[in-house]
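Descriptive structure summary
These are the residues of each chain, in order.
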Amino acid sequence: MAGDQASIISEWVLPAAICAPVTWVCLVFRFREDGRLLGTYRSAALAFCVVLWTSGMAALASGLLLPHASSVPPAAVGAATGWGVIPRGRGERSGGRAVMAVVTLGNSLLLHELALRLRTDRADWCDRLAEGFGDCWDLDAFAGDVRRHLLMRVDVSGRTNRMRAAVKREIGERHREVRAAAQKWITVETRIDKTCQQQGRRPTRDEIRLVRRAFGEAEQYLKHLLELEHTYGKRSDAEKLRELKRRHLSAEHGDAGAAGELVQ
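Residues numbered from 1 in each chain as written. Predicted model: local features only at pLDDT ≥ 70, side-chain atom pairs only at ≥ 80, totals over all residues. Heavy atoms only, no water.

**With respect to the overall build of the protein chain**
Counting its regular elements, the protein chain contains 10 helices and zero strands. Listing each helix as α and each strand as β along the protein chain from the N terminus yields α-α-α-α-α-α-α-α-α-α. By the burial criterion, 39% of the 264 residues in the protein chain qualify as buried. Partitioning the intrachain contacts of the protein chain with sequence separation of at least 6 by distance along the chain shows that 78% fall at a separation of at least 24. (Helix = DSSP H or I, 4+ residues; strand = E, 2+ residues; numbered from the N terminus. Buried < 20%, exposed > 50% of the residue type's maximum accessible area, 1.4 Å probe, protein only. Contact = heavy atoms within 4.5 Å.)

Here's what the structure looks like:
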(Lines give C-alpha, C1' and ligand atoms only; values in the text may rest on other atoms or scores of the structure.)
Protein backbone atom coordinates (compact mmCIF):
# COMPACT_ATOMS: atom_id res chain seq x y z
CA MET A 1 0.00 0.00 0.00
CA ALA A 2 2.80 2.37 0.91
CA GLY A 3 4.54 1.48 -2.36
CA ASP A 4 1.36 2.24 -4.35
CA GLN A 5 1.02 5.64 -2.64
CA ALA A 6 4.65 6.45 -3.33
CA SER A 7 4.16 5.43 -6.95
CA ILE A 8 1.08 7.66 -7.33
CA ILE A 9 2.93 10.61 -5.83
CA SER A 10 6.03 10.15 -7.98
CA GLU A 11 4.23 9.35 -11.26
CA TRP A 12 1.13 11.56 -11.02
CA VAL A 13 1.40 14.24 -8.34
CA LEU A 14 5.07 15.18 -8.77
CA PRO A 15 4.85 15.95 -12.52
CA ALA A 16 1.77 18.13 -11.97
CA ALA A 17 3.41 19.95 -9.05
CA ILE A 18 6.52 20.70 -11.12
CA CYS A 19 4.52 21.56 -14.24
CA ALA A 20 2.39 24.26 -12.54
CA PRO A 21 5.15 26.78 -11.71
CA VAL A 22 6.96 26.09 -14.99
CA THR A 23 3.75 26.77 -16.89
CA TRP A 24 3.14 30.01 -14.99
CA VAL A 25 6.65 31.30 -15.69
CA CYS A 26 6.23 30.43 -19.37
CA LEU A 27 2.86 32.22 -19.48
CA VAL A 28 4.38 35.35 -17.95
CA PHE A 29 7.17 35.25 -20.54
CA ARG A 30 4.80 34.55 -23.43
CA PHE A 31 2.39 37.39 -22.62
CA ARG A 32 4.90 39.83 -21.10
CA GLU A 33 4.07 42.51 -23.72
CA ASP A 34 0.41 41.63 -24.24
CA GLY A 35 -1.07 42.37 -20.84
CA ARG A 36 -1.29 41.40 -17.20
CA LEU A 37 -2.31 37.87 -16.39
CA LEU A 38 -3.77 38.95 -13.04
CA GLY A 39 -5.17 42.23 -14.34
CA THR A 40 -8.82 41.12 -14.22
CA TYR A 41 -10.77 38.20 -12.84
CA ARG A 42 -11.38 36.77 -16.32
CA SER A 43 -7.73 36.87 -17.38
CA ALA A 44 -6.67 35.38 -14.04
CA ALA A 45 -9.27 32.62 -14.39
CA LEU A 46 -8.12 31.78 -17.92
CA ALA A 47 -4.46 31.75 -16.84
CA PHE A 48 -5.38 29.44 -13.95
CA CYS A 49 -7.22 27.16 -16.39
CA VAL A 50 -4.13 26.94 -18.59
CA VAL A 51 -1.95 26.04 -15.60
CA LEU A 52 -4.51 23.49 -14.33
CA TRP A 53 -5.02 21.91 -17.75
CA THR A 54 -1.29 21.68 -18.48
CA SER A 55 -0.55 20.22 -15.04
CA GLY A 56 -3.32 17.68 -15.53
CA MET A 57 -1.91 16.65 -18.89
CA ALA A 58 1.54 16.32 -17.34
CA ALA A 59 0.16 14.02 -14.64
CA LEU A 60 -1.78 12.02 -17.21
CA ALA A 61 1.20 11.67 -19.53
CA SER A 62 3.47 10.64 -16.68
CA GLY A 63 1.01 8.16 -15.20
CA LEU A 64 0.20 6.50 -18.52
CA LEU A 65 3.48 6.73 -20.40
CA LEU A 66 6.16 6.25 -17.76
CA PRO A 67 5.31 2.61 -17.09
CA HIS A 68 6.37 2.02 -20.72
CA ALA A 69 9.39 4.35 -20.54
CA SER A 70 10.79 3.93 -17.07
CA SER A 71 14.02 5.73 -17.95
CA VAL A 72 12.19 9.09 -18.17
CA PRO A 73 12.04 10.93 -14.80
CA PRO A 74 8.52 12.09 -13.82
CA ALA A 75 9.90 15.53 -12.98
CA ALA A 76 11.19 15.87 -16.55
CA VAL A 77 7.71 15.14 -17.91
CA GLY A 78 6.20 17.88 -15.76
CA ALA A 79 8.85 20.43 -16.71
CA ALA A 80 8.68 19.57 -20.42
CA THR A 81 4.89 19.80 -20.48
CA GLY A 82 4.92 23.20 -18.82
CA TRP A 83 7.65 24.35 -21.20
CA GLY A 84 5.32 23.47 -24.08
CA VAL A 85 3.37 26.69 -23.38
CA ILE A 86 6.27 28.72 -24.83
CA PRO A 87 5.58 29.47 -28.52
CA ARG A 88 7.93 27.82 -31.00
CA GLY A 89 9.08 28.83 -34.45
CA ARG A 90 7.89 27.12 -37.59
CA GLY A 91 11.11 25.22 -37.92
CA GLU A 92 10.54 23.38 -34.65
CA ARG A 93 7.21 21.77 -35.42
CA SER A 94 8.45 18.25 -35.91
CA GLY A 95 9.45 15.29 -33.81
CA GLY A 96 9.25 16.18 -30.12
CA ARG A 97 7.17 19.26 -30.93
CA ALA A 98 4.48 17.07 -32.49
CA VAL A 99 4.44 14.85 -29.40
CA MET A 100 4.25 17.93 -27.16
CA ALA A 101 1.28 19.22 -29.18
CA VAL A 102 -0.58 16.01 -28.38
CA VAL A 103 0.41 16.12 -24.70
CA THR A 104 -0.83 19.70 -24.34
CA LEU A 105 -4.01 19.06 -26.33
CA GLY A 106 -6.57 21.78 -25.54
CA ASN A 107 -4.02 24.42 -24.55
CA SER A 108 -4.18 26.10 -27.94
CA LEU A 109 -7.83 27.06 -27.39
CA LEU A 110 -7.20 28.28 -23.85
CA LEU A 111 -4.13 30.26 -24.91
CA HIS A 112 -6.07 31.83 -27.77
CA GLU A 113 -8.86 32.87 -25.42
CA LEU A 114 -6.33 34.21 -22.92
CA ALA A 115 -4.64 36.30 -25.63
CA LEU A 116 -8.01 37.75 -26.68
CA ARG A 117 -8.93 38.50 -23.08
CA LEU A 118 -5.62 40.30 -22.43
CA ARG A 119 -6.10 42.47 -25.53
CA THR A 120 -9.66 43.26 -24.45
CA ASP A 121 -8.51 44.11 -20.92
CA ARG A 122 -5.87 46.46 -22.30
CA ALA A 123 -8.38 48.17 -24.59
CA ASP A 124 -10.84 48.61 -21.71
CA TRP A 125 -8.10 50.03 -19.48
CA CYS A 126 -7.08 52.55 -22.15
CA ASP A 127 -10.72 53.48 -22.80
CA ARG A 128 -11.34 54.26 -19.13
CA LEU A 129 -8.28 56.50 -18.88
CA ALA A 130 -8.86 58.31 -22.18
CA GLU A 131 -12.56 59.09 -21.75
CA GLY A 132 -14.03 62.12 -20.01
CA PHE A 133 -11.94 64.91 -21.52
CA GLY A 134 -14.12 67.72 -22.85
CA ASP A 135 -11.29 70.11 -23.60
CA CYS A 136 -8.40 69.53 -26.00
CA TRP A 137 -5.98 71.37 -23.70
CA ASP A 138 -6.71 69.00 -20.82
CA LEU A 139 -6.26 65.98 -23.08
CA ASP A 140 -3.00 67.37 -24.45
CA ALA A 141 -1.66 68.15 -20.95
CA PHE A 142 -2.56 64.65 -19.73
CA ALA A 143 -0.79 63.11 -22.75
CA GLY A 144 2.31 65.12 -21.85
CA ASP A 145 2.28 63.77 -18.31
CA VAL A 146 1.84 60.21 -19.61
CA ARG A 147 4.84 60.74 -21.89
CA ARG A 148 7.03 61.96 -18.99
CA HIS A 149 5.78 59.14 -16.79
CA LEU A 150 6.79 56.60 -19.43
CA LEU A 151 10.19 58.10 -20.19
CA MET A 152 11.17 57.92 -16.53
CA ARG A 153 10.50 54.16 -16.58
CA VAL A 154 12.39 53.26 -19.75
CA ASP A 155 15.90 53.12 -18.28
CA VAL A 156 15.57 49.86 -16.40
CA SER A 157 18.17 47.17 -15.86
CA GLY A 158 18.16 44.33 -18.35
CA ARG A 159 17.13 46.55 -21.28
CA THR A 160 19.80 47.29 -23.88
CA ASN A 161 20.59 50.79 -25.11
CA ARG A 162 19.05 49.92 -28.48
CA MET A 163 15.83 48.78 -26.81
CA ARG A 164 15.72 51.92 -24.68
CA ALA A 165 16.23 54.13 -27.71
CA ALA A 166 13.50 52.26 -29.63
CA VAL A 167 11.00 52.59 -26.76
CA LYS A 168 11.78 56.29 -26.32
CA ARG A 169 11.33 56.86 -30.04
CA GLU A 170 7.98 55.07 -30.02
CA ILE A 171 6.82 57.09 -27.01
CA GLY A 172 7.81 60.33 -28.73
CA GLU A 173 6.07 59.40 -31.98
CA ARG A 174 2.81 58.49 -30.28
CA HIS A 175 2.89 61.63 -28.17
CA ARG A 176 3.38 63.77 -31.28
CA GLU A 177 0.35 62.09 -32.82
CA VAL A 178 -1.74 63.06 -29.80
CA ARG A 179 -0.53 66.66 -29.94
CA ALA A 180 -1.23 66.94 -33.67
CA ALA A 181 -4.74 65.52 -33.23
CA ALA A 182 -5.44 67.85 -30.29
CA GLN A 183 -4.26 70.83 -32.33
CA LYS A 184 -6.52 69.79 -35.19
CA TRP A 185 -9.41 69.52 -32.75
CA ILE A 186 -8.96 73.06 -31.39
CA THR A 187 -8.43 74.46 -34.91
CA VAL A 188 -11.66 72.95 -36.22
CA GLU A 189 -13.56 73.88 -33.08
CA THR A 190 -12.32 77.49 -33.06
CA ARG A 191 -13.05 78.01 -36.73
CA ILE A 192 -16.61 76.70 -36.45
CA ASP A 193 -17.26 78.62 -33.23
CA LYS A 194 -16.05 81.85 -34.83
CA THR A 195 -18.22 81.30 -37.90
CA CYS A 196 -21.29 80.61 -35.78
CA GLN A 197 -20.72 83.78 -33.74
CA GLN A 198 -20.28 85.92 -36.86
CA GLN A 199 -23.42 84.53 -38.47
CA GLY A 200 -25.45 84.41 -35.26
CA ARG A 201 -26.46 80.77 -35.60
CA ARG A 202 -25.96 77.37 -34.05
CA PRO A 203 -23.56 74.85 -35.63
CA THR A 204 -24.92 72.66 -38.41
CA ARG A 205 -24.92 68.87 -38.33
CA ASP A 206 -21.90 68.74 -40.63
CA GLU A 207 -20.00 71.13 -38.37
CA ILE A 208 -20.88 69.10 -35.29
CA ARG A 209 -19.74 65.97 -37.14
CA LEU A 210 -16.40 67.58 -37.96
CA VAL A 211 -15.75 68.51 -34.33
CA ARG A 212 -16.78 65.08 -33.10
CA ARG A 213 -14.50 63.44 -35.64
CA ALA A 214 -11.55 65.60 -34.56
CA PHE A 215 -12.35 64.84 -30.91
CA GLY A 216 -12.53 61.10 -31.65
CA GLU A 217 -9.17 61.16 -33.41
CA ALA A 218 -7.48 62.91 -30.48
CA GLU A 219 -9.02 60.46 -28.03
CA GLN A 220 -7.97 57.49 -30.17
CA TYR A 221 -4.36 58.68 -30.39
CA LEU A 222 -4.35 59.14 -26.61
CA LYS A 223 -5.45 55.52 -26.24
CA HIS A 224 -2.62 54.57 -28.59
CA LEU A 225 -0.15 56.28 -26.24
CA LEU A 226 -1.74 54.67 -23.18
CA GLU A 227 -1.16 51.25 -24.72
CA LEU A 228 2.56 51.82 -24.15
CA GLU A 229 1.83 52.69 -20.52
CA HIS A 230 -0.06 49.43 -20.17
CA THR A 231 2.79 47.48 -21.80
CA TYR A 232 5.80 49.01 -20.05
CA GLY A 233 4.24 50.31 -16.83
CA LYS A 234 3.35 48.51 -13.63
CA ARG A 235 0.00 47.78 -12.04
CA SER A 236 0.91 50.12 -9.19
CA ASP A 237 1.15 53.00 -11.71
CA ALA A 238 -2.58 52.88 -12.46
CA GLU A 239 -3.55 54.99 -9.44
CA LYS A 240 -0.88 57.55 -10.30
CA LEU A 241 -2.29 57.90 -13.82
CA ARG A 242 -5.83 58.26 -12.50
CA GLU A 243 -4.60 61.04 -10.23
CA LEU A 244 -2.95 62.77 -13.19
CA LYS A 245 -6.20 62.48 -15.12
CA ARG A 246 -8.26 63.97 -12.28
CA ARG A 247 -5.79 66.84 -12.10
CA HIS A 248 -6.21 67.69 -15.77
CA LEU A 249 -9.96 67.25 -16.13
CA SER A 250 -11.66 70.58 -16.60
CA ALA A 251 -13.10 72.04 -13.40
CA GLU A 252 -16.04 73.38 -15.35
CA HIS A 253 -16.86 70.25 -17.32
CA GLY A 254 -20.40 71.39 -17.98
CA ASP A 255 -19.33 74.78 -19.30
CA ALA A 256 -21.35 76.17 -22.18
CA GLY A 257 -18.26 76.62 -24.34
CA ALA A 258 -17.86 75.38 -27.85
CA ALA A 259 -16.35 72.05 -26.88
CA GLY A 260 -19.23 71.13 -24.62
CA GLU A 261 -21.86 72.25 -27.10
CA LEU A 262 -20.40 70.66 -30.20
CA VAL A 263 -19.12 67.39 -28.85
CA GLN A 264 -22.25 66.65 -26.87
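What follows picks up the thread again.
**Thoughts on the pattern of salt bridges**
Within this structure, the stated rule accounts for 12 salt bridges. For Asp121, the salt bridge goes to Arg117, with nearest N and O atoms at 3.1 Å. Taken together, the positions of Asp121 and Arg117, both in helix H5 (residues 107-130) and four residues apart, correspond to about one turn of that helix. Considered together, Asp121 and Arg117 belong to a single accessibility category, that of buried residues. Linking Arg242 and Glu239 is a salt bridge whose minimum nitrogen-to-oxygen distance equals 3.1 Å. Of this pair, Arg242 and Glu239 both sit in helix H9 (residues 237-248), three residues apart, roughly one helical turn. The class for Arg242 is partly exposed, based on a relative accessible area of 38%. (Salt bridge = Lys/Arg side-chain N within 4 Å of Asp/Glu carboxyl O.)

**Some remarks on the nonpolar core**
By size, the foremost hydrophobic cluster in this structure holds 33 residues, and its most contacted members are Trp125, Leu139, Phe142, Val146, Trp185, Leu222 and Leu226. Taken together, the elements giving at least two residues each to this core come down to H5, helix H6 (136-151), helix H7 (161-199), helix H8 (205-232) and H9. No other element matches the 10 residues that H7 contributes to this core. With 12 residues, the next largest nonpolar core counts Leu37, Leu46, Leu110 and Leu111 among its residues. (Core = buried A, V, L, I, M, F, W, Y, C linked by side-chain atoms within 4.5 Å.)

**Focus: H6**
When the terminal C-alpha atoms of H6 are compared, their 23 Å separation across 16 residues agrees well with the 22 Å that a helix rising 1.5 Å per residue should span. Three or more residues of H6 are buried, namely Cys136, Asp138, Leu139, Asp140, Phe142, Ala143, Gly144, Asp145, Val146, His149 and Leu150. Buried residues in H6 make contact with H5, H7, H8 and H9. The opening residue of H6, the one whose side-chain oxygen lies 2.7 Å from the backbone nitrogen of Trp137, is Asp135. (Expected span 1.5 Å × (residues − 1). Polar contact = N/O pair within 3.5 Å; in protein donor to acceptor, adjacent residues only side chain to side chain.)

**Focus: the side chain of Ser55**
The residue Ser55 is located in helix H2 (residues 41-65) in this model. Only 2.8 Å separates the side chain of Ser55 from the backbone oxygen of Val51, close enough to count as a polar contact. Excluding its chain neighbours within four sequence positions, the residues that come into contact with Ser55 are Ala16, Cys19 and Ala20.

**Side note on the environment of Arg147**
Turning to its location among the elements, Arg147 is positioned in helix H6. Look at Arg147 and you get partly exposed, because its relative accessible area is 30%. Along the sequence, Arg147 and Gly172 sit 25 residues apart, while their C-alpha atoms lie 7.5 Å from each other. Filtering out sequence-adjacent residues up to four positions away, Arg147 remains in contact with Ile171 and His175.

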